[in-house]
Amino acid sequence: MTLLYGGFMTLNSEIGVGSYSVLVYLTQRLLWPLTRLADMTDLYQRSMASIQRVLDLLNTPIEITVKQEFDSKLDDVQVCISSK
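Let us look at the structure shown here. (Residues numbered from 1 in each chain as written. Predicted model: local features only at pLDDT ≥ 70, side-chain atom pairs only at ≥ 80, totals over all residues. Heavy atoms only, no water.)

1. Structural notes on the overall build of the chain
Put simply, the rule is: Each helix is a run of DSSP H or I of at least 4 residues and each strand a run of E of at least 2, with the numbering of both proceeding from the N terminus. Each residue's exposure class comes from its accessible area (1.4 Å probe, protein chains only) as a fraction of the maximum for that residue type: buried when under 20%, exposed when over 50%, partly exposed otherwise.
A count of helical and extended segments in the chain gives two helices and zero strands. Among the 84 residues that make up the chain, the fraction classed as buried is 7%.

2. Observations regarding a nonpolar patch on the surface
Formally: Excluding any residue in a salt bridge, patches collect residues exceeding 30% relative accessible area, merging like charges within 9 Å and nonpolar Val, Leu, Ile, Met, Phe, Trp and Tyr side chains within 5 Å. Computed with the Shrake-Rupley method and a 1.4 Å probe, the accessible areas treat only the protein chains shown as cover for residues. Any carboxyl oxygen of Asp or Glu that lies within 4 Å of a side-chain nitrogen of Lys or Arg is treated as forming a salt bridge with it.
Together, Y44, M48, I51, V54, L55 and L58 line one region of the surface with nonpolar side chains, adding up to about 610 Å² of accessible area. Within the secondary structure layout, Y44 lies in helix α2 (residues 17-58). A residue is classified by how much of its surface remains accessible, and Y44, at 53% relative accessible area, is exposed.

3. Points about the pattern of salt bridges
Taken as a whole and judged by the stated rule, the model has one salt bridge. Across the pair R46 and D42 runs a salt bridge, and its minimum N-O distance is 3.3 Å. With R46 and D42 both in helix α2 and four residues apart, the pair spans about one turn of that helix. Its relative accessible area of 54% is what places R46 among the exposed residues.

4. Some words on unusual backbone geometry
The phi dihedral of S13 falls on the positive side, at around 60 degrees, and the residue is not glycine. As for its position among the elements, S13 is in the loop between α1 (2-11) and α2. For S13, a relative accessible area of 62% corresponds to the exposed category.

5. Things to note about the side chain of T10
The condition that has to hold: When checking whether two residues touch, look at their non-hydrogen atoms; a contact exists if any pair is within 4.5 Å.
Along the chain, T10 falls in helix α1. Residue class for T10 comes out buried when judged on its relative accessible area of 19%. Discounting residues that sit within four places of it in the chain, T10 has contacts with I15, G16, V17 and Y20.

6. Considerations on the environment of S21
Within the fold, S21 resides in helix α2. Along the backbone, S21 and L3 are 18 residues apart, and their C-alpha atoms lie at a distance of 9.7 Å.

7. What about the packing of α1 against α2?
The following threshold applies: Inter-axis angles, ranging from 0 to 180 degrees, are taken between N-to-C directions of lines fitted to C-alpha atoms, where helices are fitted over the stretch in contact. Here the angle decides the label: under 35 degrees means roughly parallel, over 145 means roughly antiparallel, 65 to 115 means roughly perpendicular, and every other value means oblique. Three classes are used: nonpolar for Ala, Val, Leu, Ile, Met, Phe, Trp, Tyr, Cys and Pro, charged for Asp, Glu, Lys and Arg, and polar for all others, with Gly counted as polar.
For the pair α1 and α2, interaxial distance at closest approach is 10 Å and the crossing angle is 175 degrees. By the criterion of interaxial angle, the relationship of α1 to α2 is roughly antiparallel. Every residue of α2 that contacts α1 at T2, L3, G6, G7 and T10 is listed here: V17, Y20, L23, V24 and T27. Broken down by class, the residue content of the contact of α1 with α2 amounts to five nonpolar, five polar and no charged.

Next comes the structure, spelled out in C-alpha cells:
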C-alpha cells in the first residue's frame with residue numbers, strides 16, 4: 001500500500017522522490033521486525049503442539065492383551081526344540 005500510494009503521490013508531484021525513498025525505507029525497517037515476530041510466534045505454536053502430542057503419547061496407558069485359546073482335542077502334538 002505504501003509503494004502504491006507513495007508512488008501515486010510522487011507521480012503527482014505531491015511529495016519528492018527523496019521523501020518517497022525515505023518512506024519506503026522506513027516501511028521496510030518496520031516490516032522486517034514484525035515479520036520476524038510473526039515467524040517466532042508461528043514456531044512457538046508449532047513447538048507447543050508437538051510437545052502436547054509427545055506428552056499425550058507418553059501418558060497413553062499401555063495395554064497388552066493376550067488371547068489364548070487352546071483346543072483340548074489335540075492328541076498327537078509334538079514339540080521339538082533344538083538349540084543351534
